[in-house]
Amino acid sequence: MPNILITNFCNRNCPYCFAKAQVKLGTTVSDWEMSEEEYDTVLSYLDPARDIVSILGGEPTLHSSFGKYIDKVYKMGFKIKIFTNGATKNLREIAHLKDSENLLIILNLNEPDTYNSSEWKEIETNFETFGDKIALSFNVYQPEFNWQFLKDAIIRFGLYTNIRLGVAQPIQVINNEYLREKDLKRTMTRIVDMAQDMAPFGISLGFDCGFRMCDFTDEQLGTLIQCGTVPMFKCGPNLDIGPNLDVWRCFPFSLEKGEKLTDYNSLSDLIDYFNNDWMKTKKIDNSKCNACNNYSIDSCAGGCLSRKIVE
Ligand SMILES: C[S@@+](CC[C@H](N)C(=O)[O-])C[C@H]1O[C@@H](n2cnc3c(N)ncnc32)[C@H](O)[C@@H]1O
Ligand code: SF4
Ligand code: SF4
């Protein structure tokens, strides 16, 4: 499922942000927005019966036609996922869709003390407006992270009861804050604690890409499953489509020259390219995973590719 980057500016400045190569953090003045013509071209590669329209940025709600662009794909019958920091009133341009089964808002929530009071007010108003149409997203970039505020928000505002959990992954070339190799195992232990703490409240965790099976013990994996969390260990071409319809395998590689969407007939052709020709240009020591049974039976993709190259 490709992600459509509709604007490159963002009012936040998350220390771990892996979109830094394309996004101007801490900005609200328009620098680049995807035109409607470009948006239509991207949509022509998608099929409402098969694909979800996944919108992000930067902060997608800052696009001057945010509401119009969402209404358009809604009317076309697409399921829609919006990745947002939730700290703008613009999100409520789509408040009329709040009862739609086809909409899910994935709101990336950081520790509350990183917001000013007006940002926090917008977030709470958005929680009140959309309720369970909002699923929280949380990126772990420090081993000693807290999750109480996520639980409190879900219970208080009746939000969706699955949290998208990401391990903050490194970007190629530019620095971002990310979870270091030496801290991974103990952080996973904390994630299992988090799952156990959330489960009695009916809240489960959803793993984003880049987790590794060997960072957990068998017992921890069993505990996660008992807590309603389905651990996933994937890493594949997500396809992020941005300015000039350039396509990257995923954000950590978005400092590279992208592929032109219109040079390809389909998204599967692009995925084939990134899995084969593009992959051959990368130098990776994959000896540990090549010898691993989880790898050969496709239970684990070997962790984040960007991490493998950086570390
Ligand atoms: C780049 S953001 C853009 C959309 C929106 N501003 C937001 O924060 O959700 C898209 C997604 O990337 C995730 N993300 C950002 N930096 C990351 C990192 N270093 N590792 C893993 N996921 C990350 C965010 O949590 C969000 O779900
Ligand atoms: S993660 Fe999202 S909200 Fe945070 S700086 Fe990056 S684009 Fe902005
Ligand atoms: S495939 Fe690689 S990362 Fe995954 S469990 Fe095996 S050795 Fe670990």
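Residues numbered from 1 in each chain as written. Chains lettered and ligands numbered in written order. Predicted model: local features only at pLDDT ≥ 70, side-chain atom pairs only at ≥ 80, totals over all residues.

Caption draft 1: Representation of unusual backbone geometry within the structure. A positive phi is found at Leu239, a non-glycine position, where the angle reads about 65°. Inspection of the secondary structure assignment puts Leu239 in the loop between helix H6 (218-226) and strand S10 (240-241). One non-glycine residue, Asn244, adopts positive backbone phi at about 60°. Assignment of secondary structure puts Asn244 in the loop between S10 and strand S11 (246-248). Note on Asn244: 12 C-beta atoms within 10 Å, which makes it exposed. (Helix = DSSP H or I, 4+ residues; strand = E, 2+ residues; numbered from the N terminus. Buried ≥ 20, exposed ≤ 12 C-beta atoms within 10 Å, placed from the backbone.)

Caption draft 2: Summary view of the sheet that holds strand S12 (residues 259-260). Reading across from one edge, S9-S8-S7-S6-S5-S4-S1-S10-S11-S12 is the order of the 10 strands in this open sheet, with mixed pairing throughout. At either margin of the open sheet sits one strand with a lone partner, and together these are strand S9 (204-207) and S12. Sheet analysis places S11 next to S12, joined by two bridges and oriented antiparallel. Note on S12: the bridge partner recorded for Asp246 is Lys260. (Pairing = 2+ DSSP bridges.)

Caption draft 3: Layout of helix H2 (residues 66-75). Within the sequence span of H2, burial applies to Phe66, Tyr69, Ile70 and Val73. Buried residues of H2, viewed axially, fall in a sector of 95°; they line one side. Packed against the buried residues of H2 are helix H1 (36-43), strand S4 (52-56) and strand S5 (79-84). One or two residues past the end of H2 sits Gly77, with phi positive at roughly 90°. (Arc of directions from axis to C-beta. Contact = placed C-beta atoms within 7 Å.)

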